[in-house]
Amino acid sequence: MTTVHEAHDTIILGSGPAGLTAAIYAARGNCCPLVIHGSQPGGQLTTTTDIDNFPGFPEGIDGPTLMQQMEDQARRFGTAFVQGEVTRVDLEGPPFRVWVEDEIYLCTSLVIATGASPRMLGLPNEWDLYGRGVSVCATCDGFFYKEKELVVVGGGDTALEEAAFLTRFARRVTVVHRRDTLRASPPLQKRARENERIGFRWNSVVSAILGDKEAGVRGVRLKHLQNGQEEELACDGVFIAIGHTPNTALFEGKLEMDEGGYLVTRNGTETSVPGVFAAGDVQDHQFRQAITAAGSGCMAAMQAERYLETLQQAKS
Ligand code: FAD
Ligand code: NAP
């Protein structure tokens, strides 16, 4: 049976840095926000240990702790939370309608902070071997690879951070990158290059993952992109770290998006529908940092608050 809940001034989709910062501001602005967690409470940072670039933590902080502290701060000012994944939205409002299975939540303003999800290689058996040697999260799965041989795919910050973390367990980590120049920031590059347990395969892609469901991953086939040569590399695990895709499928045909599927925002965090705001990685293909996500979450909450005020003034 469908349950329709009492309307909220502001509903926030997602509990990463963007969603929780929006919640702190909206709650302090008396907008009684409701945050819908989604399938990853705390967002992407819950999959990492060392965050060294979030201001206020001179010794660094681990992702789950930082996100728990943000949630505690949002709760302190009266934010309500719902566990669950939004499966449908109706933006012909206000009020806007948000479905979590059979529950319908109504709101006058909506902040979308659904972030991004890891990209996969698109190889036929990668999902069959997912959890059996194929992973997208070193923090979650690294522990299972003590003294093993591992491959990390990608050349960005995530790939090098994952590779460095995995050397706490693995005997050797080979980073496979499709170019000969890394995209990762200089400090992470330096750390990886200085780590004796990390090796690189340049100008190469993983063209096949070798193994089966019973025995798991036993290796990868690498293709050199300049000479076309293929070779097999034995390994026990493959960590895919080739970036993320914005979580915007729910909004197709409802909100303006760019060619990469990111929500288009103007004048701060306004989307193409008045009263609907977007913050964090879901609308940012350029910076994609915790602090920029948090900053835009703050902007979204302030803009939602002004929108609510304008509606109120128009009524009186
Ligand atoms: P996310 O953190 O992606 O959160 C999205 C939220 O939306 C989640 O709670 C999810 O459950 C929810 N959601 C998704 N779909 C739905 C739905 N249908 N219904 C309801 N909720 C939904 N950045 C740094 O600044 N420093 C770092 O050291 C750093 N390390 C990183 C390490 C790793 C391994 C990764 C992957 C990223 C790292 N980043 C780092 C980047 C940083 O994590 C992101 O920029 C940031 O998390 C984006 O925040 P967000 O709130 O926009 O989205
Ligand atoms: P990213 O910066 O987009 O890098 C993705 C990497 O994967 C690139 O090197 C890319 O190659 C490669 N790639 C993409 N598609 C591929 C494919 N199909 N096959 C093979 N390789 C492919 O993504 P990210 O590393 O996840 O970082 C995302 C954001 O989070 C960034 O803004 C980053 O700064 C941030 N982040 C920050 C930290 C930190 O500050 N400590 C840590 C992690 C992430 P090309 O280089 O050739 O494009």
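Positions within a chain are numbered from 1, following the residues in the order the chain's sequence is written. Each chain gets a letter, beginning with A, and each ligand a number, beginning with 1, in the order they are written. Owing to the predicted nature of the model, reporting of local features is limited to residues with pLDDT of at least 70; listing and counting of side-chain atom pairs is limited to 80 or more, with chain, interface and lining totals taken over all residues. To get the side-chain values, all heavy atoms of the structure are used, and hydrogens and water are removed first.

**Examining the site of ligand 1**
In the neighbourhood of ligand 1, 34 residues make up the surrounding shell, with His 37, Gln 40, Gln 44, Asp 281 and Ala 290 lying closest. Polar contacts, as used here, are pairs of N or O atoms within 3.5 Å; protein pairs need one atom able to donate a hydrogen and one able to accept it. Residues neighboring in sequence count only if both atoms are side-chain atoms. In this structure, Glu 85 approaches ligand 1 through a side-chain N or O atom, which is 3.3 Å from a nitrogen atom. Reported accessibility uses the Shrake-Rupley method at a 1.4 Å probe radius. Residues are deemed covered only where the shown protein chains occlude them. When the free accessible area of ligand 1 is taken as 1000 Å², the share hidden by the protein chains comes to 93%. To qualify as a helix, a DSSP run of H or I must reach at least 4 residues; to qualify as a strand, a run of E must reach at least 2; elements of each kind are numbered from the N terminus. Counting residues per element, the ones that place at least two in the shell around ligand 1 are helix H1 (17-28), helix H4 (157-166) and helix H6 (290-315). Under the scheme applied here, ten amino acids are nonpolar (Ala, Val, Leu, Ile, Met, Phe, Trp, Tyr, Cys and Pro), four are charged (Asp, Glu, Lys and Arg), and all others, including Gly, are polar. The residue makeup of the shell around ligand 1, split by class, is eleven nonpolar, 19 polar and four charged. Think of it this way: one heavy atom of a residue within 4 Å of a molecule or strand is enough to make that residue near it.

**A look at the pattern of salt bridges**
Once the charged atoms of two side chains with opposite charge are near each other, the side chains can pair. Put simply, a salt bridge is a Lys or Arg side-chain nitrogen that is within 4 Å of an Asp or Glu carboxyl oxygen. Under the counting rule described, the total for this entry stands at six salt bridges. Between Asp 90 and Arg 97 there is a salt bridge, with the nearest N and O atoms lying 3.0 Å from each other. Here's how the labels work: a residue is buried when its accessible area is under 20% of the maximum for its type, exposed when over 50%, partly exposed in between, all with a 1.4 Å probe on protein chains only. Owing to a relative accessible area of 31%, Arg 97 belongs among the partly exposed residues under this scheme.

**Here's the deal with the domain arrangement of the protein**
Those domain boundaries reflect an automatic or database domain assignment. Parsing the protein into structural domains produces domain 1 (3-117 + 244-315) and domain 2 (120-240). With centres defined by C-alpha atoms, the gap from domain 1 to domain 2 works out at 32 Å. At the interface, four residues of domain 1 touch six residues of domain 2. Interface area for domain 1 against domain 2, summed over the two sides, is near 460 Å², with a carbon-plus-sulfur share of 41%. Buried area is understood as the total, over both parts, of accessible area removed when two parts are fitted together, assessed with a 1.4 Å probe. Of all residues in domain 1, Thr 47, Thr 49 and Asp 50 bury the most surface against domain 2, accounting for 72% of the area lost on that side. For this analysis, residues touch if any pair of their heavy atoms sits within 4.5 Å.

**With respect to the site of ligand 2**
Around ligand 2 sit 20 residues in total, of which Asp 157, Thr 158, Arg 179, Arg 183 and Gln 289 are the nearest. Here Asp 157 contributes a side-chain N or O atom positioned 2.6 Å from an oxygen atom of ligand 2. One nitrogen or oxygen atom from the side chain of Thr 158 is found 2.7 Å from an oxygen atom belonging to ligand 2. Coverage of ligand 2 by the protein amounts to 80% of the 920 Å² it exposes when considered alone. Considering every element that reaches the shell around ligand 2, the biggest residue donor is H4, with three residues.

**With respect to the sheet that holds strand E15 (residues 230-234)**
Between any two strands, at least two bridges found by DSSP are needed for them to pair. Here we have three strands laid out as an open sheet, ordered E13-E14-E15, and antiparallel in their pairing. In the strand order of this sheet, the two ends are held by strand E13 (204-212) and E15, each with one partner. The sheet shows a mean angle of 25° between the axes of neighbouring strands, taken without regard to direction. Every axis corresponds to a line fitted to the C-alpha atoms, with the helix fit spanning only the stretch in contact, and the corresponding angles, defined between N-to-C directions, vary from 0 to 180 degrees.

**Some details on unusual backbone geometry**
A cis amide bond links Gly 93 with the next residue in sequence, Pro 94, at an omega value of 0°. By secondary structure assignment, the location of Pro 94 is in the loop between strand E5 (88-90) and strand E6 (96-100). The residue Arg 288 is not glycine, and still its phi comes out positive at about 45°. Checked against the element boundaries, Arg 288 lands in the loop between strand E18 (276-278) and H6. Residue Arg 288 is classed as partly exposed on the basis of its relative accessible area of 38%.

**Let's talk about the environment of Ile 198**
With respect to the secondary-structure elements, Ile 198 resides in strand E12 (residues 198-201). Taking the C-alpha atoms as reference points, Ile 198 and Ala 164, separated by 34 residues in sequence, lie 7.5 Å from one another. In contact with Ile 198, other than residues within four places in its own chain, are Ala 163, Ala 164, Thr 167, Arg 172, Val 173, Val 175 and Ala 192.

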